[in-house]
Every structure is written in structure tokens, then in C-alpha cells.
Amino acid sequence: MELVQMQKSLQDYTKSLFLDGVLDSQFLQLQQLQDESNPDFVSQVVTLFFQDSDRILNDLSLSLDQQVVDFKKVDPHVHQLKGSSSSIGAQRVKNACVVFRSFCEQQNVEGCHRCLQQVKQEYYLVKNRLETLFKLEQQIVASGGMIPAMELGF
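Everything numeric in this text was worked out from a predicted model, so none of it was measured.

Rules of the game
- Along each chain, residues carry numbers from 1 onward, in the same order as the chain's sequence is written.
- Two thresholds apply to this predicted model, a pLDDT of at least 70 for residue-level local features and 80 or more for giving and counting side-chain atom pairs, whereas whole-chain, interface and lining totals are computed over all residues.
- To get the side-chain values, all heavy atoms of the structure are used, and hydrogens and water are removed first.
- Each helix is a run of DSSP H or I of at least 4 residues and each strand a run of E of at least 2, with the numbering of both proceeding from the N terminus.
- To estimate how far a helix should extend, the number of its residues minus one is multiplied by 1.5 Å.
- Only protein chains enter the accessibility calculation, which uses a 1.4 Å probe; a residue whose area is less than 20% of its type maximum is buried, one above 50% is exposed, and one in between is partly exposed.
- The arc refers to the directions leading from the helix axis to the C-beta atoms.
- Contact criterion: two residues are considered in contact whenever any of their non-hydrogen atoms come within 4.5 Å of each other.
- For every residue, the predictor reports its confidence as pLDDT, a number between 0 and 100.

Asker: Describe in detail helix α5 (residues 91–105), supporting the description with residues and values.
Answerer: A rise of 1.5 Å per residue sets the reference length of α5, with its 15 residues, at 21 Å; its end C-alpha atoms lie 21 Å apart and thus fit the reference within 8%. Looking at α5, one finds that the buried residues are Val 93, Ala 96, Cys 97, Phe 100, Phe 103 and Cys 104. The arc that holds every buried residue of α5, seen down its axis, measures 115 degrees, which confines them to one face. Among the structural elements, α3 (41–64), α4 (71–88) and α6 (109–142) are those in contact with the buried residues of α5.

This is how it looks when you write it as C-alpha cells:
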């Protein structure tokens, strides 16, 4: 694929992430912190998000599978996931965590189980989509191109 076409594909793909509500403007702010001195900044931050989220989701699954659910342990995990997803712009994960926390406050085990499944679904969606985004960026750089700047003017 020619370089200009790859850059256009990247822009279109990135735009779809925002239009589908997968990402919000916080992701653009994260991208603005990346420069020549740290060209992998965004992917490094997102990789840390993936690692933390995998651990948190595992901890949540274990906590909710207990005979007696300790909501004082569940809620901080959901709060942490909400904060980290918000910091990278993973809008749908963050929104699912807001609902999850309300079920924690109500100590609704069934609602928490449903929300955990929703959070996992949104998390795996954003993980898959961001991994694809990073692969497209890597292809452009490997072809000697620059990553076009993205703005929310669409």
C-alpha cells in the first residue's frame, strides 16, 4: 500500500474510533504529549493501561465469584479502572465503569456481574482497536512516513 493511502487509512480509522465513541478527546491530549524525544509515549502509556486493566479485570472476576462479595474490595478496583480508562480516553470503558460503581454502591451482585461483562466487552474492543491503530502507525513509520496529526474537527 502506498504511503499516502496508508496515512489516509490511519486518519479514517482514527476518526472512526472517535465517531464510534471508543475514544474521546483525552486520547488526543495524550497524543500531544508525544514528540521526537519519546516517539512511543502513547503506545507505552496504553500498554501500561492494558497490563493494569488485565490485572484489575482478573481481580474483579475473583472478587465477584466469592460466596460473599466484599464490595469494599470491588469498588476500588472499578474506581481505578474508571480513572485509568478516562486518562487514556477509553470513553466506553469509563462509561461502563460508572454504571458498575452504581451497582457496587447498591451492593447488587447480579448487576455487578452484568457490568463486569460489559466492562470486559468494552475493554477488549478498545484494546483490539488501539492495537490495530498502533500497527497502522508502525507500517507508516516503517515506510518512511510521518504520522499525520489528528484533530477533532469532524
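After that view of the structure, there is still more to cover.
Asker: Report on the side chain of His 77, specifying residues and quantitative values.
Answerer: Its location among the elements puts His 77 in helix α4. His 77 sits in the buried class, given a relative accessible area of 19%. For His 77, the residues in contact, after removing those within four places along its chain, are Ile 56, Asp 59 and Leu 60.

Asker: Tell me about the confidence of the model for the protein, and name the residues and values.
Answerer: Here the protein shows a mean pLDDT of 94. Residues at 70 or above account for 97%. The weakest mean pLDDT in the protein belongs to helix α2 (residues 25–32) at 94; the strongest belongs to α5 at 98.

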